[in-house]
Amino acid sequence: LIVKLAITSAFVATPGVGVLQMGVSNATAKPSAEAQGKKAHGWATKAEKLLAKGKVEKALGYAESAVEADMRNLEYRSLLSRIYMRQGRFVAAERTLMDVVELGQSDPRTVISLALARTAQGNVESAISLVEANRAILPASDYALALALAGDQKRAIEVLVDAIRTYNASARTRQNLALASALDGRWREAQVMASQDMPQTVVDQRLVQWAGFARPGAYQVRVAGLLGV
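Cut-offs and rules
- Residues numbered from 1 in each chain as written.
- Predicted model: local features only at pLDDT ≥ 70, side-chain atom pairs only at ≥ 80, totals over all residues.
- Heavy atoms only, no water.
- Helix = DSSP H or I, 4+ residues; strand = E, 2+ residues; numbered from the N terminus.
- Buried < 20%, exposed > 50% of the residue type's maximum accessible area, 1.4 Å probe, protein only.
- Contact = heavy atoms within 4.5 Å.
- Axes fitted to C-alpha atoms, helices over the stretch in contact; angles between N-to-C directions.
- Parallel < 35°, antiparallel > 145°, perpendicular 65-115°, else oblique.
- Left-handed = near helix turned anticlockwise from the far one by under 90°.
- Nonpolar A, V, L, I, M, F, W, Y, C, P; charged D, E, K, R; others polar.
- Core = buried A, V, L, I, M, F, W, Y, C linked by side-chain atoms within 4.5 Å.
- pLDDT = per-residue confidence, 0-100.
- Phe/Tyr/Trp six-rings, centres within 6.5 Å; stacked < 30°, edge-to-face > 60°.
- Lys NZ or Arg CZ within 6 Å of the ring centre and 35° of its normal.
- Expected span 1.5 Å × (residues − 1).
- Polar contact = N/O pair within 3.5 Å; in protein donor to acceptor, adjacent residues only side chain to side chain.
- Patch = residues over 30% accessible without salt bridge, like charges linked within 9 Å, V, L, I, M, F, W, Y side chains within 5 Å.
- Areas by Shrake-Rupley, 256 points an atom, 1.4 Å probe, with all protein chains shown as cover.
- Salt bridge = Lys/Arg side-chain N within 4 Å of Asp/Glu carboxyl O.
- Lys, Arg positive; Asp, Glu negative; His and termini not counted.
- Charge placed at Lys NZ, Arg CZ, Asp CG, Glu CD.

S.K.: What's the story with the overall build of the protein in this structure? I'm lost.
M.R.: In terms of helices and strands, the protein carries 13 helices and zero strands. Looking at the protein as a whole, 40% of its 229 residues qualify as buried. A separation threshold of at least 6 residues defines the contact pool for the protein, and within that pool the share at least 24 residues apart is 50%.

S.K.: Which parts of the structure should I look at to understand the environment of Phe213?
M.R.: Here Phe213 lies in helix α12 (residues 200–213). As a C-alpha pair, Phe213 and Leu183 span 30 residues in sequence and 7.0 Å in three-dimensional space.

S.K.: Please clarify how the packing of helix α9 (residues 153–166) against helix α10 (residues 171–183) should be interpreted in this entry.
M.R.: Helix packing for two helices is described by the angle between their axes and how far apart those axes are. Here α9 crosses α10 at 150°, and the two axes come no closer than 9 Å. By the angle between their directions, the pair α9 and α10 is classed as roughly antiparallel. The handedness of the crossing between α9 and α10 comes out as left-handed. In this structure, α9 contributes Gln153, Ala156, Ile157, Leu160, Val161, Ala163 and Ile164 to the contact, and α10 contributes Thr173, Arg174, Asn176, Leu177, Ala180, Ser181 and Leu183. Looking at side-chain class alone, the contact of α9 with α10 contains nine nonpolar, four polar and one charged residues.

S.K.: Mind showing me how you'd approach the nonpolar core here?
M.R.: When a protein is soluble and globular, its nonpolar side chains tend to lie buried together. Counting 62 residues, the largest nonpolar core has Leu79, Ile83, Val131, Leu179 and Trp210 as its most contacted members. It is helix α8 (residues 140–149) that contributes the most residues to this core, eight residues altogether. The residues touching Ile83, leaving out its near neighbours within four places in the chain, are Leu51, Val56, Ala59, Leu60 and Ala63.

S.K.: What is the right way to read the side chain of Gln153 from this model?
M.R.: Along the chain, Gln153 turns up in helix α9. Residue class for Gln153 comes out buried when judged on its relative accessible area of 9%. Look past the residues within four positions of Gln153 in its chain and what remains in contact with it is Leu147, Ala148, Ala180, Leu183, Asp184 and Arg222.

S.K.: Help me out: how do you make sense of the side chain of Thr173 in this one?
M.R.: When you line up the elements, Thr173 lands in helix α10. Apart from the residues lying within four places of it in its own chain, the contact partners of Thr173 are Ser141, Leu160, Ala163 and Ile164.

S.K.: Honestly, the environment of Tyr62 in this entry has me stumped. Any pointers?
M.R.: In this structure, Tyr62 sits in helix α3 (residues 56–69). Looking at Tyr62, the relative accessible area reads 30%, which means it is partly exposed. For the pair Tyr62 and Thr45, spaced 17 residues apart in sequence, the C-alpha to C-alpha distance is 8.6 Å. When near neighbours in sequence (up to four residues on either side) are disregarded, Tyr62 contacts Trp43, Lys46, Ala47 and Leu50.

S.K.: When you look at the confidence of the model for the protein in this model, what are you seeing that I'm missing?
M.R.: Keep in mind that low pLDDT regions are not for reading the predicted coordinates in detail. Residues with a pLDDT of 70 or more make up 86% of the protein, whose mean pLDDT is 87. Mean pLDDT across the secondary structure elements of the protein bottoms out at helix α1 (residues 2–13), with 37, and peaks at helix α7 (residues 124–133), with 97. Counted against residues more than four places away or in other chains, residues 1–25, with its pLDDT under 50, gives eight contacts.

S.K.: It is not clear to me how the packing of aromatic side chains should be interpreted in this structure. Could you clarify?
M.R.: Here the distance between the centres and the angle between the planes together describe a pair of aromatic rings. In this structure the tally under the stated criterion is zero aromatic pairs. In this arrangement the basic side chain of Arg135 is found over the ring face of Tyr143, its NZ or CZ atom lying 4.1 Å from the centre.

S.K.: Is there a simple way to think about helix α4 (residues 74–87) in this case?
M.R.: Every α-helical turn comprises 3.6 residues, leaving residues that sit three or four positions apart pointing alike. An ideal rise of 1.5 Å per residue puts 20 Å on 14 residues; α4 measures up with 20 Å between its terminal C-alpha atoms. Most of α4 is tucked away, with 10 of its 14 residues classed as buried. Among the residues of α4, those classed as buried are Tyr76, Arg77, Ser78, Leu79, Leu80, Ser81, Ile83, Tyr84, Met85 and Gln87. Near the N-terminus of α4, the side chain that reaches the backbone nitrogen of Glu75, with its oxygen 3.0 Å away, is that of Asn73. Just past α4, the residue Gly88 takes up positive phi, approximately 80°.

S.K.: Just checking my understanding: could you explain a positive patch on the surface for this structure?
M.R.: On the surface, Lys49, Lys53, Lys55 and Lys58 cluster together into a patch of positive charge. Looking at the secondary structure, you find Lys58 in helix α3.

S.K.: Teacher, can you tell me more about the pattern of salt bridges here?
M.R.: In this structure the tally under the stated criterion is nine salt bridges. With a closest N to O distance of 2.8 Å, Arg82 and Glu48 form a salt bridge. With Arg82 in helix α4 and Glu48 in helix α2 (residues 19–52), the pair connects residues that are 34 residues apart, well separated along the chain. Classification of Glu48 as partly exposed rests on a relative accessible area of 35%. One salt bridge connects Asp184 with Lys154, and the closest N-O pair in it is separated by 3.2 Å. Taken together, the residues span a long stretch of sequence, with Asp184 in the loop between α10 and α11 (187–194) and Lys154 in helix α9 at a distance of 30 residues.

Below, the structure written as structure tokens:
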């Protein structure tokens, strides 16, 4: 992608292009752009379908082709970042998500994904600063989960408890509270909260998994485990 951009920039900057040549170039540019746009859409559609089926490796090639064909399309870059996250390629995911933000998109999904990518790399202060700066647009459950995974479990628990008291919380909110409690070493509270939505056998399995998450500095394990990488 960088090489393609460099070549394009070099062509634009090259002096001495004649009027006739420019006229031919402009005449053929529009249909070429339309064709590329159709190809990009087709590749992105294939990538989405493959990703939904769990065929992540195959989806990657189509998503990268879609981005290369239409480099300013936010949806294609967002799709590519999701694939990178599913692969556990958190550095690549962060770079792609930053491109999305720089192109003007800053929705809750993008913010949380970027925070998780940074957390997985151990850049927890940056991840916390990011979600704090975007607190106004983030659902309480997602905001608190990002905090908990980045190491601020106490603040996460406060937010989740308040959310449960304020309105009828979803199972997702309760399970995020159970996870935050486990990461903070409150295992009894975690077990009680998790039991509200899962049978005990599943709760036991989940607590074993969370014990691995709770190890000091296990940021990558937390995010990878949460995403099923």
